[in-house]
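# Descriptive analysis of the structure
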Amino acid sequence: MGNKIGSNRLTKIIPGLLLIAMVYTSGFYLYGPAVNGKLVLIDDHEYFLLLGPTQELPIIEIVPRLLSLTELGHWGESMRFRPFYFIERALESSLWGIEPLPRFVLRIFLGSSLAACFAFLTWSELRNISIRMPQRVLVFFLSFFIGFLTLMISSWSDIILRLGPSEIFVAFALVPFILGVRRVWKNSSASAGWLWLFCGYAIAILSKENTFSLLPIIWIIAAISFKSSRVKFLILAGILFVTGLTIWIELGIYIAMAQNGGDVYGQQRNISDFLTKLFQEPYIYLAVIALVVAFVSEVKNLHKLNSSRVESHLAAARPFARFKFTLAVSASIWVLIFDTFIYQAAAEPRYLFLSQISLVVIFITSIIALITFNETRQTLSLVLALLLTFLAIGISNKGSSISRIQDLSTRASTNSQEVNSHIQELLEATKEFPNSRVVLYLNSPLLEHSFAISRIVWFATGNYVYFGKPYPELQTGSQGLLFETKIFMTSENQNPICVFFGKTLDTESTICETEIIF
């Protein structure tokens, strides 16, 4: 008897494990070429900074270096504050030095984990309504393609293919967050679910300061669940913790922004521009339609609720639980609108990440609602859901094909190898000419490039870099942490290592020991 029960459980688990394995395989198939990438200038210079001239970071040195070399020691001064992001990067540096391969593997794994989470949730929600084998097969493949759709969104090309963006850790945080939401919605007294929910949010807000749009969702879930829950103390403690954590992070950023008159990108947000951009997005209209359909469907199906004792208790204690699809779509629309406001002037794909994930959640919710509420024609509903998923995959990533995503991965890897070759050339030059100063010649005051080079040179030599000509934007101290700007004077009778961006310029009176062109 026991063997039979164990066999039945294994039979139920195997499809789920196979589904997850297939999604991870798809993630590495799409973005696998990126593992050949190398460290580049922008963002990756932080690894050089943390490692220092010794090229190592002992565990006991992680906290002191983070506090002295990064924004973690400058609360209220830095317009960004991402403790988890920098702690994770410090751990990477301690474990792997400047080796890029495990870092890229980790990012593909984390991105694929969110896709696998969506696939598994779809499968677990629909498997119990599918009795016949054809329906079970349809549910399995629908769930897989939901995961594949998640992997196809355009944000990944800017998140997985680079080591710098903190959104990859937000993707990681969303897994326990979403699993926690689902768990506590089914059982408001599930301690594990609340812990997943709170921990997921904490990782998100400590990785990317703009993810506090998720906090009101936690408040609403707690408000709905509190009365019927037997773990009220845990809920209150968790709410106080995540709210206090958010205030601490956002207050420090607000103080820094007030002193600088804008955010870290120098943006001022405008309500008029935001509304114009919002109503130009066709997806917002589809999201509103999904909200209306979910609400009408749930109202229509109220009388079909299971009349069991458990369901009756749930309906009496948590009447909003009847509208889980409506609330899920509403929460996703809130995140979509908030993200559009925050990043109304942003151009890079990664800034659309939470918006695109919100659209995926709306799509999944609509698909599940379509199948759940059409009990008499579930096979037809499953086929229609599959067709809609194929359509969504076709228009995701701006219509990019699988081969195009692989090409993007290959191109990112090739470009990073080229940039890294110049970095290695620079490091070799500092060894060959140890007494020569490194001088930057910029076509324009590209602050990010100057930050990156200064940290890499400090990593190699422990010295500052110099600028080949004065820029008003590069006054002493403007670079902030550790590195001050200095102008190289040719009267110093010292031939420098010259670093150019784009082309050589302004060196008529300077003889370089060597020239490096990025």
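A few points on the structure. (Residues numbered from 1 in each chain as written. Predicted model: local features only at pLDDT ≥ 70, side-chain atom pairs only at ≥ 80, totals over all residues. Heavy atoms only, no water.)

## Observations regarding the packing of aromatic side chains
In total, this model carries 14 aromatic pairs according to the counting rule given. Measuring from ring centre to ring centre gives 5.1 Å for Phe-81 and Trp-248, while their planes differ by 85°; the resulting arrangement is edge-to-face. Residue Phe-81 is located in the loop between helix H3 (62-69) and helix H4 (83-96), and its partner Trp-248 is located in helix H11 (residues 232-260); the two are separated by 167 residues in the primary sequence. Ring centres 6.0 Å apart and planes at 75° place the aromatic pair Phe-84 and Phe-169 in the edge-to-face group. Separated by 85 residues along the polypeptide, Phe-84 in helix H4 and Phe-169 in helix H8 (residues 167-186) bring together distant segments of the chain. Using a relative accessible area of 24% as the deciding quantity, one classes Phe-84 as partly exposed. The class for Phe-169 is buried, based on a relative accessible area of 2%. Clustering of aromatic rings is evident, with ring pairs tying together Phe-84, Tyr-85, Phe-86 and Phe-169. (Phe/Tyr/Trp six-rings, centres within 6.5 Å; stacked < 30°, edge-to-face > 60°. Helix = DSSP H or I, 4+ residues; strand = E, 2+ residues; numbered from the N terminus. Buried < 20%, exposed > 50% of the residue type's maximum accessible area, 1.4 Å probe, protein only.)

## Section: the nonpolar core
Ranked by size, the top nonpolar core spans 122 residues in total, and within it Leu-114, Trp-156, Leu-174, Phe-353 and Ile-453 carry the most contacts. When residues no more than four places from it in sequence are discounted, the contact partners of Phe-353 are Leu-114, Ile-153, Ser-155, Trp-156, Ile-159, Glu-167, Val-170, Ala-171 and Leu-174. By size, the runner-up hydrophobic cluster in this structure holds six residues, among which are Val-439, Tyr-441, Tyr-466 and Cys-498. (Core = buried A, V, L, I, M, F, W, Y, C linked by side-chain atoms within 4.5 Å. Contact = heavy atoms within 4.5 Å.)

## Quick notes on the environment of Ala-392
With respect to the helices, strands and loops of the structure, Ala-392 is situated in helix H17 (residues 378-395). Spatially, the C-alpha atom of Ala-392 lies 9.9 Å from that of Ile-153, the residues being 239 residues apart in sequence. Apart from the residues lying within four places of it in its own chain, the contact partners of Ala-392 are Leu-149 and Phe-363.

## Quick word on the pattern of salt bridges
Overall, the coordinates contain 13 salt bridges when judged by the stated rule. A salt bridge links Arg-89 to Glu-46, with the shortest nitrogen-to-oxygen separation between them at 2.9 Å. With Arg-89 in helix H4 and Glu-46 in helix H2 (residues 45-51), the pair connects residues that are 43 residues apart, well separated along the chain. Exposure remark for Arg-89: the relative accessible area of 0% places this residue in the buried category. A salt bridge links Arg-350 to Glu-167, with the shortest nitrogen-to-oxygen separation between them at 3.3 Å. Placement of the pair is Arg-350 in the loop between helix H15 (324-342) and helix H16 (353-373) and Glu-167 in helix H8, with a sequence separation of 183 residues. Using a relative accessible area of 8% as the deciding quantity, one classes Arg-350 as buried. Assessed through its relative accessible area of 4%, Glu-167 is described here as buried. Shared partners join several salt bridges into a network, and the residues in it are Asp-158, Arg-162, Glu-167, Lys-208 and Arg-350. (Salt bridge = Lys/Arg side-chain N within 4 Å of Asp/Glu carboxyl O.)

## What about H15?
The end-to-end C-alpha distance of H15, which contains 19 residues, comes to 27 Å, matching closely the 27 Å that a straight helix rising 1.5 Å per residue would cover. When we look at burial in H15, the residues that qualify are Phe-325, Thr-326, Val-329, Ala-331, Ser-332, Ile-333, Val-335, Leu-336, Phe-338, Asp-339, Thr-340 and Ile-342. (Expected span 1.5 Å × (residues − 1).)

## Focus on the sheet that holds strand E2 (residues 466-467)
Taking strand neighbours across the sheet as the criterion, the four strands line up as E2-E1-E3-E4 in an open arrangement whose pairing is parallel. In the strand order of this sheet, the two ends are held by E2 and strand E4 (514-517), each with one partner. Of the strands in this sheet, strand E1 (438-441), strand E3 (497-500) and E4 touch helix H18 (residues 402-432), which is tilted by about 160° from E4. (Pairing = 2+ DSSP bridges. Axes fitted to C-alpha atoms, helices over the stretch in contact; angles between N-to-C directions.)

## Things to note about the packing of helix H6 (residues 133-152) against H17
In the contact formed by H6 and H17, the axes pass within 10 Å of each other and the chain directions differ by 20°. As judged from the angle between their axes, H6 and H17 are roughly parallel. Classified by chirality, the crossing of H17 by H6 is left-handed. Contact with H6, carried on its side by Gln-135, Leu-138, Val-139, Phe-141, Leu-142, Phe-145, Ile-146, Phe-148, Leu-149 and Met-152, involves Gln-378, Thr-379, Leu-382, Val-383, Ala-385, Leu-386, Thr-389, Phe-390, Ala-392 and Ile-393 of H17 and no other residues of that element. Here the contact of H6 with H17 is composed, by residue class, of 16 nonpolar, four polar and no charged. (Parallel < 35°, antiparallel > 145°, perpendicular 65-115°, else oblique. Left-handed = near helix turned anticlockwise from the far one by under 90°. Nonpolar A, V, L, I, M, F, W, Y, C, P; charged D, E, K, R; others polar.)

## So, empty space enclosed by the protein
For the coordinates displayed, the defined rule picks out one cavity of 30 Å³ or more. Put simply, the largest cavity is a space of about 80 Å³. If you trace the largest cavity, you find it lined by Glu-167, Val-170, Lys-208, Asn-210, Thr-211, Asp-339, Tyr-343, Arg-350, Tyr-351, Phe-353 and Leu-354. Every element with two or more residues in the lining of the largest cavity is listed here: H8 and H16. Residues belonging to the lining of the largest cavity are distributed by class as follows: five nonpolar, two polar and four charged. (1 Å grid on protein atoms, 1.4 Å probe; cavity = no way out; pocket = protein on both sides within 12 Å on 5 of 7 lines; lining within 4 Å. Points joined across faces, edges and corners; volume = space filled by probe spheres on them.)

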